[in-house]
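# Structural overview for review
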Amino acid sequence: MSIPFLDLKRLNGAHDEAIRAGIARVLDSGWYILGAEVQAFEREFAACCEVKHCIGVADGLDALVLILRAYGVGAGDEVIVPSNTFIATWLAVSAVGATPVPVEPRPGTHNMDPGLIEAAVTPRTKAVMPVHLYGQPCEMGAIQAVAARHRLKVIEDAAQAHGARWQGQRAGSIGDAAGFSFYPGKNLGALGDGGAITTNDDALADKLRLLRNYGSTQKYRHEVQGVNSRLDEMQAAVLRAKLPSLDEDNAARRRVAAAYLQALQGADVVLPEVAEGAEPVWHLFVIRTPRRAAVQAALTAEGIGHLVHYPLACHLQPAYAGESWPALPIAERLQHEVLSLPMAPYLTAEDVERVAAVIRRV
Ligand SMILES: *Cc1c(COP(=O)(O)O)cnc(C)c1O
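This section reports on the structure supplied with the text. (Residues numbered from 1 in each chain as written. Predicted model: local features only at pLDDT ≥ 70, side-chain atom pairs only at ≥ 80, totals over all residues. Heavy atoms only, no water.)

## Examining the site of the ligand
The environment of the ligand is formed by Asp59, Gly60, Leu61, Thr85, Phe86, Ala88, Val131, Asp157, Ala159, Gln160, Ser181 and Lys186. Residue glutamine 160 places a side-chain N or O atom 2.8 Å away from an oxygen atom belonging to the ligand. Lysine 186 is positioned such that a nitrogen or oxygen atom in its side chain is 3.1 Å from an oxygen atom of the ligand. Judged by the proximity of its atoms to the pocket grid, the ligand belongs to the largest pocket. (Near = heavy atom within 4 Å. Polar contact = N/O pair within 3.5 Å; in protein donor to acceptor, adjacent residues only side chain to side chain. 1 Å grid on protein atoms, 1.4 Å probe; cavity = no way out; pocket = protein on both sides within 12 Å on 5 of 7 lines; lining within 4 Å. Sits in = over half its atoms within 2 Å of the grid points.)

Okay, structure coming up:
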């Protein structure tokens, strides 16, 4: 029996009835953009994240771009980002004309090292964008302390961290604002693209509601030059069907992670560390080994799925060629050593043991 990296059909199958009922509700309503489902989802997701406002948008990248735009970040400005992240974090900064300034991670947690932020601050720095990578919340206390000293906005990229907590606070409720993605493979995934912004900042929330809908609150009156970036009714209905199970699904991921950590104890691989005060949601379970190719080959031979997040650091991507970047040796080493194992709420103890046995053998 093979173990796929992630079986989305199986994942969504657990919510089959509720998803179909949600889709039928939208179809029957005759109202497909910015209606009752989006409004209800925004209320429910805000409650889940323990924030005042949630604004549904088209996807996770747009969520980050719109936050930056709403805070007036643009050409000539700098935004501090992690050196190892999915490229969307960097693209959001570039999209508004600002410059991403990379900071290296702690190799153990894979997350931005708060001790390195201060050295990256210049008079042009406007914000810091910590990414809760693989579902592990960043060390937000230290990040916020630096940000406060330099009057920087803290914009969480929470696209991999739905439901995670840092010292009791939900990811998405800690910084000034946060961007979420509902891409199908995320811990809370739609049946297509979707995204949201969470914030306690009333003025920002008002601006974002304008920006995402052509700069308009009243039909055919446009206050600002906005964009079209809306979560649609169908995806909102699907997300509403899945949201009540998010904490339970994340608890199941924690059990899978604990089983991996125990089964791989003593194996010749580096296991993920959890920072003090962090309650991760294990979007991905990422190990490190310099002998990655051998482990990948053995897993493939056994029909076990695996992926690399991410094989090429952002600053080495063709999209960012020709710009001068500082030396980023940690990001460059991680890209050769990280390996993501199957991770999903439905995985059993036997599945985990099968994967771990292959790795121990190599
Ligand atoms: C998925 C992801 C995004 C972007 O989300 P999309 O919905 O695909 O646009 C941003 N940041 C991180 C860290 C992500 O994993």
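## Topic: the sheet that holds strand β9 (residues 195-199)
Strand order in the open sheet made by the 7 strands is β1-β9-β8-β5-β4-β2-β3, with mixed pairing throughout. At either end of the open sheet lies a strand with only one pairing partner, and these are β1 (53-57) and β3 (99-103). Going from strand to strand, the sheet's axes swing by 25 degrees on average, the running direction of each strand aside. Taken together, the 2 bridges between strand β4 (residues 125-128) and strand β5 (residues 153-157) define a ladder with parallel strand orientation. When the bridges of β5 are listed, alanine 127 appears paired with lysine 153. Packed onto the sheet, helix α4 (residues 60-70) meets β1, β2 (78-82), β5, β8 (177-181) and β9 and runs at close to 160 degrees relative to β8. Lying over the sheet, helix α6 (residues 140-149) contacts β4 and β5, oriented at roughly 150 degrees with respect to β5. (Pairing = 2+ DSSP bridges. Helix = DSSP H or I, 4+ residues; strand = E, 2+ residues; numbered from the N terminus. Axes fitted to C-alpha atoms, helices over the stretch in contact; angles between N-to-C directions. Contact = heavy atoms within 4.5 Å.)

## So, the nonpolar core
Among the nonpolar cores identified, the biggest contains 38 residues, and Tyr260, Leu264, Phe285, Ile287, Leu299, Leu341 and Ile359 are the most heavily contacted of them. Here this core gets 5 residues from one element, more than from any other, and that element is helix α12 (residues 349-361). Those residues in contact with isoleucine 359 that lie beyond four places of it in its chain are Leu264, Val269, Ile287, Val295, Leu299 and Leu341. Listed in part, the 31 residues of the second largest apolar core include Ala70, Ala92, Val93 and Ile155. (Core = buried A, V, L, I, M, F, W, Y, C linked by side-chain atoms within 4.5 Å. Buried < 20%, exposed > 50% of the residue type's maximum accessible area, 1.4 Å probe, protein only.)

## Focus on the packing of helix α10 (residues 292-301) against α12
For the pair α10 and α12, interaxial distance at closest approach is 9 Å and the crossing angle is 135 degrees. As far as their axial angle goes, α12 and α10 are oblique. In the packing of α10 onto α12, the handedness of the crossing is right-handed. Only Val355, Val358 and Ile359 of α12 make contact with α10, whose side of the interface consists of Val295, Ala298 and Leu299. Tallied by class, residues from the contact of α10 with α12 come to 6 nonpolar, no polar and no charged. (Parallel < 35°, antiparallel > 145°, perpendicular 65-115°, else oblique. Left-handed = near helix turned anticlockwise from the far one by under 90°. Nonpolar A, V, L, I, M, F, W, Y, C, P; charged D, E, K, R; others polar.)

## Description of the state of the cysteines
What the rule picks out here adds up to 0 disulfides. Among the cysteines around cysteine 54, which has no disulfide bond, cysteine 49 carries the closest sulfur, lying 7.0 Å off. Here cysteine 54 falls in the buried class, since its relative accessible area comes to 2%. We note that cysteine 138 lacks a disulfide partner, and the nearest cysteine sulfur, in cysteine 314, lies 14 Å from it. (Disulfide = S-S within 2.5 Å.)

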